[in-house]
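Overview (structure and organization)
So you can see what is in the structure, the chains are spelled out below.
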Amino acid sequence: MESIFDNSFATLVAYVGIVSIYLLVIPLILFYWMNNRWNVMGKFERLIVYGLVFLFFPGLILFSPFLNLRLRGDSKG
């Protein structure tokens, strides 16, 4: 009986770890990468970014209300 509990707990920890990486960690890294490289990306890098945005779309939607990717401008207005 004890090994079933350990196996269930290990499975739960694995699921929580995978979901947190998929929904939290990689989308934040992707937002940081896009924010820093958007104006200087080459065509292949942009293609990779578009693929990653498609792959990690649910996590990006979670953070989209809080992050701003607009250009900063010259702040002289």
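Residues numbered from 1 in each chain as written. Predicted model: local features only at pLDDT ≥ 70, side-chain atom pairs only at ≥ 80, totals over all residues. Heavy atoms only, no water.

**Here we look at the overall build of the chain**
Tallying secondary structure elements over the chain gives three helices and zero strands in all. Start at the N end of the chain and walk to the C end: the helices and strands fall as α-α-α. Accessible area for the chain stands at about 6,600 Å²; split by element, carbon and sulfur atoms hold 71% of it. (Helix = DSSP H or I, 4+ residues; strand = E, 2+ residues; numbered from the N terminus. Areas by Shrake-Rupley, 256 points an atom, 1.4 Å probe, with all protein chains shown as cover.)

**Digging into the nonpolar core**
It is characteristic of soluble globular proteins that their nonpolar side chains tend to be buried jointly. Core analysis: the biggest nonpolar cluster contains seven residues, these being Leu-30, Phe-31, Met-34, Met-41, Val-49, Leu-60 and Phe-63. For this core, the secondary structure elements donating two or more residues are α1 (2–37) and α3 (57–63). A total of three residues in this core trace back to one element, the largest contributor, which is α1. Sequence-distant contacts of Leu-30, that is, excluding residues within four places in its chain, are made with Leu-52, Val-53 and Leu-60. (Core = buried A, V, L, I, M, F, W, Y, C linked by side-chain atoms within 4.5 Å. Buried < 20%, exposed > 50% of the residue type's maximum accessible area, 1.4 Å probe, protein only. Contact = heavy atoms within 4.5 Å.)

**Some details on a nonpolar patch on the surface**
On the surface, Phe-9, Leu-12, Val-13 and Val-16 cluster together into a nonpolar patch covering about 390 Å² of accessible area. By the element assignment, Phe-9 lies in helix α1. Phe-9 gets classed as partly exposed once you look at its relative accessible area, which sits at 48%. (Patch = residues over 30% accessible without salt bridge, like charges linked within 9 Å, V, L, I, M, F, W, Y side chains within 5 Å. Salt bridge = Lys/Arg side-chain N within 4 Å of Asp/Glu carboxyl O.)

**Focus: the environment of Asn-68**
When you line up the elements, Asn-68 lands in the segment after α3. Spatially, the C-alpha atom of Asn-68 lies 8.6 Å from that of Asn-35, the residues being 33 residues apart in sequence.

**Here we look at the side chain of Glu-45**
Its place among the elements puts Glu-45 in helix α2 (residues 43–55). A relative accessible area of 18% places Glu-45 in the buried class. In terms of polar contacts, Glu-45 uses its side chain to reach the side chain of Trp-33, at 2.9 Å. (Polar contact = N/O pair within 3.5 Å; in protein donor to acceptor, adjacent residues only side chain to side chain.)

**As for the confidence of the model for the chain**
Overall, the prediction assigns the chain a mean pLDDT of 86, with 82% of residues at 70 or greater. Summarising per-element confidence for the chain, the mean pLDDT is lowest in α1 (88) and highest in α2 (95). (pLDDT = per-residue confidence, 0-100.)

**Details of the packing of aromatic side chains**
Using the criterion set out here, one finds two aromatic pairs in the structure. Here Tyr-22 and Phe-56 contribute two aromatic rings whose centre-to-centre distance is 5.5 Å and whose plane-to-plane angle is 45°, an arrangement assigned as tilted. Residue Tyr-22 is located in helix α1, and its partner Phe-56 is located in the loop between α2 and α3; the two are separated by 34 residues in the primary sequence. Since its relative accessible area comes to 31%, Tyr-22 is described here as partly exposed. Taking the relative accessible area as the measure of exposure, Phe-56 reaches 10% and is therefore buried. Positioned above the aromatic ring of Trp-38 is the side chain of Arg-46, whose terminal nitrogen or guanidinium carbon lies 4.8 Å from the ring centre. (Phe/Tyr/Trp six-rings, centres within 6.5 Å; stacked < 30°, edge-to-face > 60°. Lys NZ or Arg CZ within 6 Å of the ring centre and 35° of its normal.)

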